[in-house]
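Descriptive structure summary
If you want the building blocks of each chain, they are given just below.
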Number of protein chains: 2
Amino acid sequence: MARRPDAKAKKKPSRTYHHGKLREALIEATLRLVEEGGPEAVTVREAARRSGVSSGAPFRHFPNRTVLMTAVAEEATHRLHAAVLAAVEPIAAKPPLAQLRAIGRAYLHWASDNPTHFAVVSNRGLIDYESSSSMKRENEDIQALMGRLLDAAGAPTGAKLAARALVYGLARMRIDGHLPQWGVSSSGEALAAMDAALDLFLDALLRPRG
Amino acid sequence: MARRPDAKAKKKPSRTYHHGKLREALIEATLRLVEEGGPEAVTVREAARRSGVSSGAPFRHFPNRTVLMTAVAEEATHRLHAAVLAAVEPIAAKPPLAQLRAIGRAYLHWASDNPTHFAVVSNRGLIDYESSSSMKRENEDIQALMGRLLDAAGAPTGAKLAARALVYGLARMRIDGHLPQWGVSSSGEALAAMDAALDLFLDALLRPRG
DNA sequence: CTGCAATGTAAGCATTGATTACTTTGCCAG
DNA sequence: CTGGCAAAGTAATCAATGCTTACATTGCAG
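The shown structure was predicted, so the numbers you read here are calculated from the model rather than taken from an experiment.

A word on the overall build of chain A
Regarding its fold elements, chain A presents 8 helices and 0 strands. Each helix (α) and strand (β) of chain A, taken in turn from the N terminus, gives the series α-α-α-α-α-α-α-α. Scored against the burial criterion, the 210 residues of chain A give a buried share of 39%. Put simply, 65% of the contacts in chain A that link residues at least 6 apart link residues at least 24 apart.

Listed below in structure tokens is the structure:
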């Protein structure tokens, strides 16, 4: 795996010193750290190690650990946003209920497939949410999309919060370990149960009221 | 506040050494630490400091930080359980819907009033959930109660998971900072919105289906 | 009273986030 | 070119933390 202490830069083995793309390398390394052990496993020094630089180098690009985590959360949010959009856009002509179902499923599946990344995105005590305009925008974009669809489906006022809470709750229950009965690692059954709960909720919510 | 380096034990100022009730003192100190700065702010050394013992002493009672946190989660779960029971028991004769509402409200209000304690209870990555039989019991007790009430109300299969997810989702959204529009600190409006979402969900779920 | 287990202390280790002073590098104005 | 300067590395250091080990004190049981 490791040939020599150099072989770091893409083309010029400049003997170490001046990584060239350290910022991106650190984000990538941190993404992998999150993947491997969750947000708590992230260590600035380990990210530096994996990027082949000294322990102080990361602080040239990120003032502190939180900002590094925020950059990772930004990337993760981007992926989640893309996954959700990729699920709705092909069926933009179908009825709102179908689109809502697709959004919820995409969200839940992404969270289930990327539990540790979802943990970074959702727990805002770990990041500096307000500082990232892109993360805010993509987040609000999903909420707005859901809002429009709920309105179009004639959902009652307050349904937006309930819908958000249900999907968010299912996703977090999974990563927080509250779904042991459906298998901790075998995501198949848990996903099926979550999908069923989502369907139930949407059907109940959008069923015409007397 | 601090008169002398002694004045620690209740009655016998035994010059330090042998605290007598260090275990409980540590749990109490940790509870306060959680209260002040969330689960991440908990430090074994600080708990020791506040209990007036050396930094190694806590390890005589808790093998590691996680076990200390688990003890705190146990206590917090006990309080949450008590709050929920106190809300339902007086109205055990009323219809299931009313009882379900009361449970959800009590849960949400407790989580809202004790956000950091709720964080400890809910995030099982921070504790050793399986090792605490009392915590498991009280937790499953609430779930079972909700399950019975949902069955009695004629809720469809799968409603149990949806109901748990909705309440859990609302509670976590609040502590995770996903409800800025309802005021971060002014819990009044956020609570009202959560209650409304809960009502909406229960009404939709339990409305007779065709 | 004695001796042992429980419970505390003191000191130390490895690790971490962060800072500081120094060094190397790329690049741009002249 | 080239001289110099800002950007981006390094090395050394600090304080804090979780946890361990060796030792000290205590109280209690026999």
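Back to the text.
With respect to the nonpolar core
With 120 residues, the main nonpolar core has A:V72, A:V120, A:A162, A:L166, B:V120, B:A162 and B:L166 as its most contacted residues. Among all residues touching A:V120, those that are not within four sequence positions of it are A:V34, A:P39, A:M69, A:V72, A:A73, A:A76, A:L126 and A:I127.

Some remarks on the relation of the copies chain A and chain B
Of the transformation superimposing chain A on chain B, the axial component is 0.0 Å and the angular component is 180 degrees, with the fit at an RMSD of 0.0 Å. One copy is carried onto the other by what is essentially a two-fold rotation axis. Judged by C-alpha distance, A:G169 is the residue of chain A that lies nearest the rotation axis, at 1.7 Å. By residue overlap, the copies meet face to face through one surface: 96% of the interface positions of chain A are interface positions in chain B.

Considerations on the confidence of the model for chain A
Here chain A averages 90 in pLDDT, while 89% of its residues score no lower than 70. For residues 1–13 of chain A, every residue scores under 50 in pLDDT, and the model assigns this stretch 11 contacts once sequence neighbours within four places are set aside.

Regarding the domain arrangement of chain A
Many analyses report the size of an interface as the accessible area lost when the parts associate. Residues and elements named next belong to chain A. Domain boundaries in chain A define domain 1 (22–60) and domain 2 (65–206). Between the C-alpha centres of domain 1 and domain 2 the distance comes to 27 Å. Residue-level contacts link 11 residues of domain 1 with 12 residues of domain 2. Looking at the side of domain 1 that touches domain 2 element by element, the count peaks at 6 residues for helix α1 (residues 22–37).

Observations regarding the interface of chain A and chain B
Each side of the interface is counted separately: chain A has 28 residues, and chain B has 28 residues. Among the secondary structure elements, those contributing two or more residues to the side of chain A that touches chain B are α7 (159–175) and α8 (187–206) of chain A. If you tally residues by element for the side of chain A that touches chain B, the top one is α7(A), at 10 residues. Grouping the constituent residues of the side of chain A that touches chain B by class yields 17 nonpolar, 7 polar and 4 charged.

Topic: helix α2 (residues 44–51) of chain A
Residues and elements named next belong to chain A. Looking only at α2, the buried set comprises A47, A48 and S51. Across the axial projection of α2, the buried residues extend over an arc of 100 degrees, all falling on one side. Looking at the packing, one finds that the buried side of α2 touches α1.

A look at the packing of helix α3 (residues 65–88) of chain B against helix α6 (residues 133–152) of chain B
Residues and elements named next belong to chain B. It is the contact of α3 with α6, at a shortest axis distance of 9 Å, that shows an interaxial angle of 25 degrees. Considered as vectors, α3 and α6 are oriented roughly parallel to each other. The two elements α3 and α6 meet at a crossing, and its hand is left-handed. Contact residues: A73, E74, T77, H78, H81, V84 and V88 in α3; S134, M135, E138, N139, D141, I142 and L145 in α6. Of the residues in the contact of α3 with α6, the class split is 6 nonpolar, 5 polar and 3 charged.

Re the packing of α3(B) against helix α4 (residues 96–113) of chain B
Pairs of packed helices are described in terms of their axes, by the angle between the two and the distance that separates them. Residue and element names in this part refer to chain B. At a minimum axis distance of 8 Å, the contact between α3 and α4 shows a crossing angle of 145 degrees. When the axes of α3 and α4 are compared, the crossing they make is right-handed. The segment α3 lies against α4, with L80, A83, V84, A87 and V88 engaging Q99, A102, I103, R105, A106, Y107 and W110. Residues that form the contact of α3 with α4 fall into these classes: 10 nonpolar, 1 polar and 1 charged.

Thoughts on α6(B)
Residues and elements named next belong to chain B. Across its 20 residues, α6 extends 28 Å between first and last C-alpha, which sits within 8% of the 28 Å expected from 1.5 Å per residue. Within the span of α6, buried status applies to M135, I142, M146, L149 and L150. Viewed along the axis of α6, the buried residues span an arc of 110 degrees, placing them on a single side of the element. The outward face of α6, more than 90 degrees from its buried face, is lined by the exposed residues S133, S134, R137, E140 and A144. On the buried face of α6, the contacting elements are α3, α4 and α7 (159–175). Where α6 ends, the next residue or the one after it, G154, has phi of about 75 degrees, a positive value.

The rules we used
- Residues numbered from 1 in each chain as written.
- Chains lettered and ligands numbered in written order.
- Predicted model: local features only at pLDDT ≥ 70, side-chain atom pairs only at ≥ 80, totals over all residues.
- Helix = DSSP H or I, 4+ residues; strand = E, 2+ residues; numbered from the N terminus.
- Buried ≥ 20, exposed ≤ 12 C-beta atoms within 10 Å, placed from the backbone.
- Contact = placed C-beta atoms within 7 Å.
- Core = buried A, V, L, I, M, F, W, Y, C linked by C-beta atoms within 7 Å.
- Least-squares fit on C-alpha atoms with pLDDT ≥ 70 in both.
- pLDDT = per-residue confidence, 0-100.
- Domains from an automatic or database assignment.
- Nonpolar A, V, L, I, M, F, W, Y, C, P; charged D, E, K, R; others polar.
- Arc of directions from axis to C-beta.
- Axes fitted to C-alpha atoms, helices over the stretch in contact; angles between N-to-C directions.
- Parallel < 35°, antiparallel > 145°, perpendicular 65-115°, else oblique.
- Left-handed = near helix turned anticlockwise from the far one by under 90°.
- Expected span 1.5 Å × (residues − 1).

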